[in-house]
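Here is how the chains run, residue by residue.
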Amino acid sequence: MNGRWPLAVLLLLAAGSPALGDDAPDPERGKTLFRACAFCHTLTPDGGNRAGPTLWGLFGRPAGAVEGYHYSPALKGSGIVWDEAAVARLFEIGPDVMTPGSKMPMQTIASASDRRDLVAYLREATAP
């Protein structure tokens, strides 16, 4: 993917906060939602990689930057830097739209409040 995002993805990212919802986040609810992600991702610095990379230190990290994990060229060249809006958008529109050609299986979270809760939990659980 040569580092350029499709226009549709850029427009969706520019739309900003609707992916996160407007209510107060509930990290405990996010912890419950993360159980589905735990099959592929760990949250600790020593948790290692599974089918996906560890999410430790996720926020502010460029996509494709965890040492020792073999990323798809599509994700590595995406130009994404993970922040709250990018993580929420990933689960709003799905990896097949946001990161086409990556190895991440198709997953979406329809509820904006569930996305917000998951992001809040990840923010806490992956902070160095």
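Throughout, residues of each chain are indexed from 1 in the direction in which the sequence is written. Only residues with pLDDT of 70 or above have their local features reported here, since the model is predicted, and side-chain atom pairs are shown and tallied only from 80 upward, although totals for entire chains, interfaces and linings are computed over all residues. Hydrogens and water molecules were not included; the side-chain quantities draw on all heavy atoms of the structure.

Student: Please explain the overall build of the chain as it appears in this structure.
Tutor: Going along the chain from the N terminus, every DSSP run of H or I of four or more residues is numbered as a helix, and every run of E of two or more is numbered as a strand. Within the chain, the secondary structure is distributed over six helices and zero strands. Counted from the first residue to the last, the chain has its helices and strands arranged as α-α-α-α-α-α. Remark: exposure states derive from per-residue accessible area (1.4 Å probe, protein chains only) relative to the maximum for the residue type, with buried under 20%, exposed over 50%, and partly exposed in between. By residue count, 41% of the 128 residues in the chain fall in the buried class. We call two residues in contact whenever any of their non-hydrogen atoms come within 4.5 Å of each other. Restricting the contact set of the chain to residue pairs at least 6 apart, pairs at least 24 apart contribute 52%. When the accessible surface of the chain is summed, it comes to about 6,800 Å², and 59% of that surface belongs to carbon and sulfur atoms. Here the open area of atoms and residues is found with the Shrake-Rupley method and a 1.4 Å probe, where only the protein chains shown may cover a residue.

Student: How do you make sense of the packing of aromatic side chains when you look at a structure like this?
Tutor: How two aromatic rings sit relative to each other is given by the distance of their centres and the angle of their planes. Working definition: rings of Phe, Tyr and Trp (its six-membered ring) pair if their centres are within 6.5 Å, and the pair is stacked with planes under 30 degrees apart, edge-to-face with planes over 60 apart, and tilted otherwise. In this structure the tally under the stated criterion is two aromatic pairs. Centre to centre, the rings of Phe 34 and Tyr 121 are 5.9 Å apart; their planes meet at 50 degrees, and the pair counts as tilted. Of the two residues, Phe 34 sits in helix 2 (residues 27-34) while Tyr 121 sits in helix 6 (residues 112-125), which places them 87 residues apart along the sequence. Measuring from ring centre to ring centre gives 4.8 Å for Tyr 69 and Tyr 71, while their planes differ by 75 degrees; the resulting arrangement is edge-to-face. Of the two residues, Tyr 69 and Tyr 71, neither departs from the other in class, the shared state being buried.

Student: Even after reading the chapter, I still don't get the side chain of His 41, so can you show me in this structure?
Tutor: One can find His 41 in the loop between helix 2 and helix 3 (73-76). We classify His 41 as buried; its relative accessible area is 16%. Definition of a polar contact: a pair of N or O atoms within 3.5 Å, with one able to donate and the other able to accept a hydrogen when the atoms are protein atoms, and with sequence-neighbouring residues admitted only if both atoms are side-chain atoms. Within the structure, His 41 has its side chain in polar contact with the backbone oxygen of Pro 53 (distance 2.7 Å). What His 41 contacts, discounting residues up to four positions off in sequence, is Phe 34, Arg 50, Gly 52, Pro 53 and Leu 55.

Student: How should I be thinking about the nonpolar core in this particular structure?
Tutor: Where a protein is soluble and globular, its nonpolar side chains tend to be buried together. Note on terminology: a nonpolar core comprises buried Ala, Val, Leu, Ile, Met, Phe, Trp, Tyr and Cys residues joined through side-chain atoms within 4.5 Å. Phe 34, Trp 82, Val 87, Met 98 and Leu 122 are the most contacted members of the largest nonpolar core, which totals 25 residues. Of all the secondary-structure elements, those providing two or more residues to this core are helix 4 (84-93) and helix 6. For Val 87, the contacting residues outside a window of four places in its chain are Leu 58, Phe 59, Trp 82, Val 119 and Leu 122.

Just geometry here; none of it tells us what the structure is for.
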